[in-house]
Every structure is written in structure tokens, then in C-alpha cells.
Amino acid sequence: MGIKEKVHALKKELLLQEASRMFEEIGYEEMKLSDLAKKAGVSMGTIYSYFHSKEGLYLTYIEHQIDAFVAELEAKTAHTDDAREKIRIFTELKFSYYMQKRKAVEKSASNNPLFFNTLAHEHSEGFEKIYRFLQRCFMQLNARIDRQKAQRLAYAFNGFGDGYIGLWLEEGGDLMRYSDEVCELFISMMKGCCR
């Protein structure tokens, strides 16, 4: 990679970092590209050349968050072979991400009942890593489950957690208090249907 490409990549990363702070502090709806340009000391044209639109910037932000989540999940679960523990870590990490990023997602999630499905569809590569991780956990929990059933369980479990996140976005409070409940409830339902 030449110097010009390195400068381009660095400038894009710095813009994304500043936009991330803004999304997380004031939310997508309130964030203005003109404010980002002012804070970053660049022109609006520069932002458009990297991200094409506010929505493009937001999608890049989401992709960045998914990649960071997957990397952190892999690091936090590397020390254990216990599938239950991995599922617990996954749930706690997922919930903590949403709590930290509430402002960045709350309007989008409350205005779109299919927000979580859209997220998974538009960012399928990152979500596939998550689904494969969960699939392996479910196969380890029950050796009689084949790959297809484990994949369906992975999608269902992720959606199950999304339901709790949706409830939390409506009611507020501490999302982390539901972490154990989500894991135990789903695992007991899984055992009941996978005998």
C-alpha cells in the first residue's frame, strides 16, 4: 500500500472514530454530517467521498461494531471449552454492546420493527461468524443436534436475545440483569425440544 492509500485509509478511520463517538453520544437522528465535518476539520465533500451518505457512514459504523464484537467474543471465549460459558459470555457481551451504543441504535430500532433482521441481512458476513460460533456451542451442548438444527437454534437464540433488547429499549433499566435469564431459558427450551 502506497503513502496515498495509507493516508486515505487513516483519514477514513479517523472520520469513522469521530462519527462513532457522535452516534453513541447523540444518536443517528441527531447527528449531522456538517457537525462531523467541523469536528474532524474536513469538508463535507471529503465525508461524501468516503461514505457517500449519512446512511453509508452509519452502515460502516455498524460493520465496524460487528467486527469489534466478533474479535472481542473470540478473545473472551478463547480460555474456555465450556459451551454454556461461551453462550453466557456471548449474551453478556452482546447486551453490554447495546447498552454502550444505545443512542446509536435506539431510534432505528424503535422506528423499525424489523431492525434486528435488517441488521443481520445487511451485515450477513459478520453475523455468519456469530451464527457459526453459536452453532458450535449448541452442537457441543447436545451431540445429537446436527449442523442444520444447530444453525436454526443459533438464529433463534440470537433473535431471542434481540427480543430482550427490544423490551429494554422500550422499558429502560439494566439490560444486563436479563443475561442469565436469556441463557438459561433458551437452553432449557432447547433441551426440551431436542430430545
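Residues numbered from 1 in each chain as written. Predicted model: local features only at pLDDT ≥ 70, side-chain atom pairs only at ≥ 80, totals over all residues. Heavy atoms only, no water.

Peer 1: For this particular structure, what's the right way to read the side chain of Gln65?
Peer 2: Among the structural elements, Gln65 can be located in helix H4 (residues 54–77). Apart from the residues within four sequence positions on either side, Gln65 is in contact with Ser20, Glu24, Tyr97 and Lys101. (Helix = DSSP H or I, 4+ residues; strand = E, 2+ residues; numbered from the N terminus. Contact = heavy atoms within 4.5 Å.)

Peer 1: Looking at this model, I keep getting lost on a positive patch on the surface. Mind explaining?
Peer 2: Among the surface-exposed residues, Lys129, Arg132, Arg136 and Arg147 lie close enough to one another that they form a single positively charged patch. Ranked by the residues each element gives to the positive patch, the list is headed by helix H8 (residues 124–141), at three residues. (Patch = residues over 30% accessible without salt bridge, like charges linked within 9 Å, V, L, I, M, F, W, Y side chains within 5 Å. Areas by Shrake-Rupley, 256 points an atom, 1.4 Å probe, with all protein chains shown as cover. Salt bridge = Lys/Arg side-chain N within 4 Å of Asp/Glu carboxyl O. Lys, Arg positive; Asp, Glu negative; His and termini not counted. Charge placed at Lys NZ, Arg CZ, Asp CG, Glu CD.)

Peer 1: I'm lost on the pattern of salt bridges in this one. Help?
Peer 2: It is possible for side chains bearing opposite charge to pair when their charged atoms get close. Scanning all chains against the criterion turns up nine salt bridges. Of the charged contacts in the structure, one is a salt bridge between Glu85 and Arg88, with a shortest N-O distance of 2.5 Å. Of this pair, Glu85 and Arg88 are both found in helix H5 (residues 83–100), three residues apart, which corresponds to roughly one turn of the helix. Where salt bridges share partners, they join Glu85, Arg88 and Glu92 into one cluster.

Peer 1: Got a minute to help me understand the packing of aromatic side chains in this structure?
Peer 2: What characterises a pair of aromatic rings is the spacing of the ring centres plus the angle enclosed by the ring planes. Enumeration according to the criterion identifies 18 aromatic pairs in this entry. Considering the side-chain rings of Phe127 and Tyr131, the 6.1 Å spacing of their centres and the 40° angle between planes classify their relative orientation as tilted. Here the residue Phe127 and the residue Tyr131 both occupy positions in helix H8, the gap between them amounting to four residues, near one helical turn. According to the relative accessible area criterion, Tyr131 is buried, its value standing at 6%. (Phe/Tyr/Trp six-rings, centres within 6.5 Å; stacked < 30°, edge-to-face > 60°. Buried < 20%, exposed > 50% of the residue type's maximum accessible area, 1.4 Å probe, protein only.)

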